[in-house]
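If you want the building blocks of each chain, they are given just below.
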Amino acid sequence: MANVPWAEVCEKFQAALALSRVELHKNPEKEPYKSKYSARALLEEVKALLGPAPEDEDERPEAEDGPGAGDHALGLPAEVVEPEGPVAQRAVRLAVIEFHLGVNHIDTEELSAGEEHLVKCLRLLRRYRLSHDCISLCIQAQNNLGILWSEREEIETAQAYLESSEALYNQYMKEVGSPPLDPTECFLPEEEKLTEQERSKRFEKVYTHNLYYLAQVYQHLEMFEKAAHYCHSTLKRQLEHNAYHPIEWAINAATLSQFYINKLCFMEARHCLSAANVIFGQTGKISATEDRQHRRA
């Protein structure tokens, strides 16, 4: 790494994250992606400061990283390998940057460039996918590739990435189980690392997103039973973790009830509709609470 204090590198990364979160409508009307481009420039600076990727990762043919590339790409790892040593740690940090560059390019509608960065992220992580430091990042990268291919209407490719994410989650929970590192922690000082509880919360949210995207993919593939199962699992997990938007949740629950009605599963349909009604009733309370908080601010 260039002779720059590590704290300065971390500050650049955190500034990039802050810019990435700026809502589009807060940018100038003629420059809706201004904050995204500023974030991208900072991410590229951090990438340059970290130095080049390890040779064996950087020179690996891209064709080997596609969804049909076999066990070393989307298949399950044979064992847990932790990224130990400075070279491995640099590879993981570079993977974090490649991930955020990928999401950044997708957000600015540059899908091909976004795909390229996400594939680079996975390539850097391939031998560490099941590790405590990398599992969450790997699943998030594959989730985003699943969404990207779904938007291209390449549904079976999306399915491969998303099913791989689900399998990785299940294998990690079976073989390791402890709440993994959140990717942002790679650029945080030790005293600012997340608690085990917060790590678990974030990791479970990543997995819930995975199930949500799988539900949509199975719906597209007309695998309606499977789609309903994954939709139900998503709604249940969102309630358990208190991570949902009431109107969206209620609509999804009501939609799921129609599937059960068509299957003549009236008890299940009634349960979904009742739950949708209860959650929808929260919208007024939440709006009122937000309004009071806004007035106090």
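Now for a quick tour of the structure. Per chain, residues are indexed from 1 in the order of the written sequence. Local features in a predicted model are, by the rule used here, given only for residues with pLDDT of at least 70; side-chain atom pairs are given and counted only at 80 or more, and totals for whole chains, interfaces and linings are based on all residues. Only hydrogens and water are removed before side-chain values are computed, so all heavy atoms of the structure are retained for them.

By definition, a salt bridge exists where a carboxyl oxygen of Asp or Glu is found within 4 Å of a side-chain nitrogen of Lys or Arg. With the rule as written, the count across this model stands at 13 salt bridges. Residue Glu-45 is joined to Lys-12 by a salt bridge in which the shortest nitrogen-to-oxygen separation is 2.6 Å. With Glu-45 in helix H2 (residues 34-50) and Lys-12 in helix H1 (residues 6-20), this pair connects stretches of sequence that are 33 residues apart. For Arg-152, the salt bridge is made with Glu-115, and the minimal N-O distance between the two is 2.9 Å. One end of the pair, Arg-152, is in the loop between helix H6 (135-151) and helix H7 (155-175); the other, Glu-115, is in helix H5 (residues 111-125), with 37 residues separating them in the sequence. By relative accessible area, which is 26% here, Arg-152 ends up partly exposed. Overlapping salt bridges, with partners in common, bring together Asp-182, Glu-198 and Arg-202 in one network. Per the convention used, a helix needs a DSSP run of H or I reaching at least four residues, while a strand needs a run of E reaching at least two, with both numbered from the N terminus. The buried label goes to any residue with under 20% of its type's maximum accessible area, the exposed label to any with over 50%, and the partly exposed label to all in between, with areas taken from a 1.4 Å probe on protein chains only.

Let us look at a nonpolar patch on the surface. Together, Ile-261, Leu-264, Phe-266 and Leu-273 make up an exposed nonpolar region whose accessible area comes to about 380 Å². Structurally, Phe-266 can be placed in helix H11 (residues 266-280). Exposure above 30% relative accessible area and no salt bridge define the residues that can form patches, which grow by joining like charges within 9 Å and nonpolar side chains of Val, Leu, Ile, Met, Phe, Trp and Tyr within 5 Å. Accessible surface area values rest on a Shrake-Rupley calculation with a 1.4 Å probe, where residue burial reflects the displayed protein chains alone.

Let us look at the packing of helix H10 (residues 246-262) against H11. Axes here mean lines fitted to C-alpha atoms, for a helix over just the part in contact, with angles spanning 0 to 180 degrees between N-to-C directions. At a minimum axis distance of 8 Å, the contact between H10 and H11 shows a crossing angle of 165°. By the angle class used here, H10 and H11 are roughly antiparallel. Where H10 crosses over H11, the handedness of that crossing is left-handed. Between H10 and H11, the contacting residues are Pro-246, Ile-247, Trp-249, Ala-250, Ala-253, Ala-254, Leu-256, Ser-257, Tyr-260 and Ile-261 on the first element and Phe-266, Glu-268, Ala-269, Cys-272, Leu-273, Ala-275, Ala-276, Ile-279 and Phe-280 on the second. In this count, Pro and Cys sit with the nonpolar residues alongside Ala, Val, Leu, Ile, Met, Phe, Trp and Tyr, while Asp, Glu, Lys and Arg are called charged and the others, Gly among them, polar. Taken together, the residues that form the contact of H10 with H11 break down as 17 nonpolar, one polar and one charged. Under this scheme an angle from 65 to 115 degrees is roughly perpendicular, one under 35 degrees roughly parallel, and one over 145 degrees roughly antiparallel; angles in between are oblique. When the near helix sits turned anticlockwise from the far one by under a right angle, the crossing is termed left-handed; a clockwise turn instead gives a right-handed crossing. The contact rule is simple, with two residues in contact once any of their heavy atoms fall within 4.5 Å.

Another aspect to go through is the packing of aromatic side chains. The description of an aromatic ring pair rests on the distance of the ring centres and on the angle between the ring planes. Working definition: a ring pair exists when centres of Phe, Tyr or Trp rings (six-membered ring for Trp) sit within 6.5 Å. Plane angles under 30 degrees give stacked, over 60 give edge-to-face, the rest tilted. Scanning the model with the defined rule gives 10 aromatic pairs in all. Seen from their ring centres, Trp-6 and Phe-187 are 5.6 Å apart, and the 25° between their planes marks the pair as stacked. In this pair, Trp-6 sits in helix H1 while Phe-187 sits in the loop between H7 and helix H8 (196-220), placing the two residues 181 residues apart along the sequence. Overall, the relative accessible area of 28% leaves Trp-6 in the partly exposed class. Ring centres of Phe-13 and Phe-187 lie 4.3 Å apart, and the angle between their planes is 25°; this geometry places the pair in the stacked category. Of the two residues, Phe-13 sits in helix H1 while Phe-187 sits in the loop between H7 and H8, which places them 174 residues apart along the sequence.

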